[in-house]
Amino acid sequence: MGNKRPAGVVRMGGFLSPARLRSAAGVSVLAFVAFMTLAASGTLGGSALGASTMVTIISGDVQVRHGATGSFVSATDGEVVAAGDTVRTTDGARAVLTYFEGSTVTIEPNSELTIETASANSDGSTVVVMQQNVGRTWHVVTKLITGGSKYEVKTPASTASVRGTAFQVDSDGERTVVTTTEGTVVDRVADPDRPGQTVDVPVPAGKTHEQKKNARPAPAADAPKPERTLTMTLDDQNSLVIDAQGRRNGIDKNGKRHLETPGAQLMWTKDGKLQVVLPNVSDGRVEALVRRGGGGDVDVLTTVEAQGAEPVEVATKVKADAGGPGRAIVELTRTSDGKTNVKPSSEKKPKI
C-alpha cells in the first residue's frame, strides 16, 4: 500500500452543525448515565458498557448493521452501537466512534468496521476488539490502566494491539498498513512457517508496517513524510481546528481533547501556545474556533509546509469570548506549479 490513499474524499465546509454539536456533547453525558445506571444495578462488567459506544456522523451516508444477520441501514447522528454491530461508510462518508472508555475511531470513506467486543470488567479492565476488512480507520486510544485491558484492530493480514497510542490502519483485504503517530503499536502477524504461531512486529511513533496476507512478517519502516502539513498556532488553549472534511482537532471548551484527522497531533510551544498539526491536509477551508474566558483578541498563525516548497504563513487576529467562539478561517488552494496559496477568509457563519 505504501503511500496509497483510498479514493472517495469529498470536500465540505468545516463548520459544526447543530446536530453534530448535540451529538458530541451527548457522548460524555450518555456514557456517564450508562455507567451510573449499570453500577447502581450491580451489573457493571462484561459487555454491558458497550451500549455507550456512540456514532457521530461527520459527513455523507454512514450505515450501520445491528448484529451479524441484520441489514445495513442509514445511521443517525448519536446512535448507540454495541458488540456485534458493523459501521460502514460509503463514498465521501465519515464517522467517529466514541467508546465507553473514551477512545475514538475516525472511520474514513469506503470503510467497514465491526465491533467484536466492547466491555468493562469487574476488575477495572476494559476490552475493545474490532474487525476491519477494508478501508481506513484512525484510532486515538486512552491509556489502558490495568494489565488485563486490551485494544485491538484485527484485519485479514494482521492484528494491531496497543496500550495507549494514536495510529492509522489501512486494509484492502489482502494487505494491511499500520502507521503510528504516538506511542507504540504491536502488529501481530501469523507465521506461515509455524502454524498456530505469531510474530509481534513493534511499530513505534514515526514508523509504518505493511503486511501482506499469509506472508512472512515484514519489518517496520519509516513512515512516509506528509506531502503537505498545516500547523495552526493559537494563543487560546480551548480551541478547535476544523479541516476541510469537517473533522475536529484540538481542545474544546470543556477541556476534552479531539483528534479526528488521521495523523493529527496536538503540541505546545515553549510559551504555552497550542499547536494543532494536520498532515496531508487537502485543499479547502480550514477554520479555528477559539474561546477566551475574559474576552479579547486571539492570535492565530497558520503555517503550511509542502515538500519542495518554502513554508507559507498567514497571521490572523480574532475576537473571542466565553459566550461563543471566534472564527479564524483560511482557504487552501494548490496552484498549477504545485505551490499552496493560503488566504484568510471573511466568510461568516452563524455562531454555535
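This report concerns the structure included in the present document. The structure presented is a predicted model; accordingly, all values stated were derived computationally and were not measured.

Rules used in this analysis
Residues numbered from 1 in each chain as written. Predicted model: local features only at pLDDT ≥ 70, side-chain atom pairs only at ≥ 80, totals over all residues. Heavy atoms only, no water. Pairing = 2+ DSSP bridges. Helix = DSSP H or I, 4+ residues; strand = E, 2+ residues; numbered from the N terminus. Axes fitted to C-alpha atoms, helices over the stretch in contact; angles between N-to-C directions. Polar contact = N/O pair within 3.5 Å; in protein donor to acceptor, adjacent residues only side chain to side chain. Phe/Tyr/Trp six-rings, centres within 6.5 Å; stacked < 30°, edge-to-face > 60°. Buried < 20%, exposed > 50% of the residue type's maximum accessible area, 1.4 Å probe, protein only. Lys NZ or Arg CZ within 6 Å of the ring centre and 35° of its normal.

What follows covers the sheet that holds strand β27 (residues 326-334). Strand order in this open sheet of six strands is β21-β20-β19-β24-β27-β28, and the pairing throughout is antiparallel. Of all the strands in the sheet, the pair left with one neighbour each is β21 (257-259) and β28 (340-345). Mean inter-strand twist for the sheet, computed between neighbouring axes without regard to direction, equals 20 degrees. Relative to β27, strand β24 (residues 284-290) is paired through seven bridges, and the arrangement is antiparallel. When the sheet's bridge partners are listed, glycine 284 is paired in β27 with leucine 332.

Bringing the side chain of threonine 155 into the picture now. Among the secondary structure elements, threonine 155 is positioned in the loop between β10 (150-154) and β11 (159-162). Among the polar contacts listed, one links the side chain of threonine 155 to the side chain of threonine 176, at a separation of 2.6 Å.

Tallied over the full model, the rule gives two aromatic pairs. Summarising the aromatic geometry, the rings of tyrosine 99 and tyrosine 151 are spaced 6.5 Å apart at their centres and angled 90 degrees between planes, so their arrangement reads as edge-to-face. Of this pair, tyrosine 99 sits in the loop between β6 (94-98) and β7 (104-107) while tyrosine 151 sits in strand β10, placing them 52 residues apart in sequence. Assessed through its relative accessible area of 0%, tyrosine 151 is described here as buried. One cation-aromatic arrangement involves arginine 88 over phenylalanine 72; the distance from NZ or CZ to the ring centre is 3.8 Å.

Moving on to the pairing of β24. With seven of seven residues buried, β24 lies mostly within the body of the structure. As judged from the four bridges shared by strand β19 (residues 239-242) and β24, these two strands associate in the antiparallel manner. Its bridge partner being in β24, serine 239 is matched across the sheet by valine 290.

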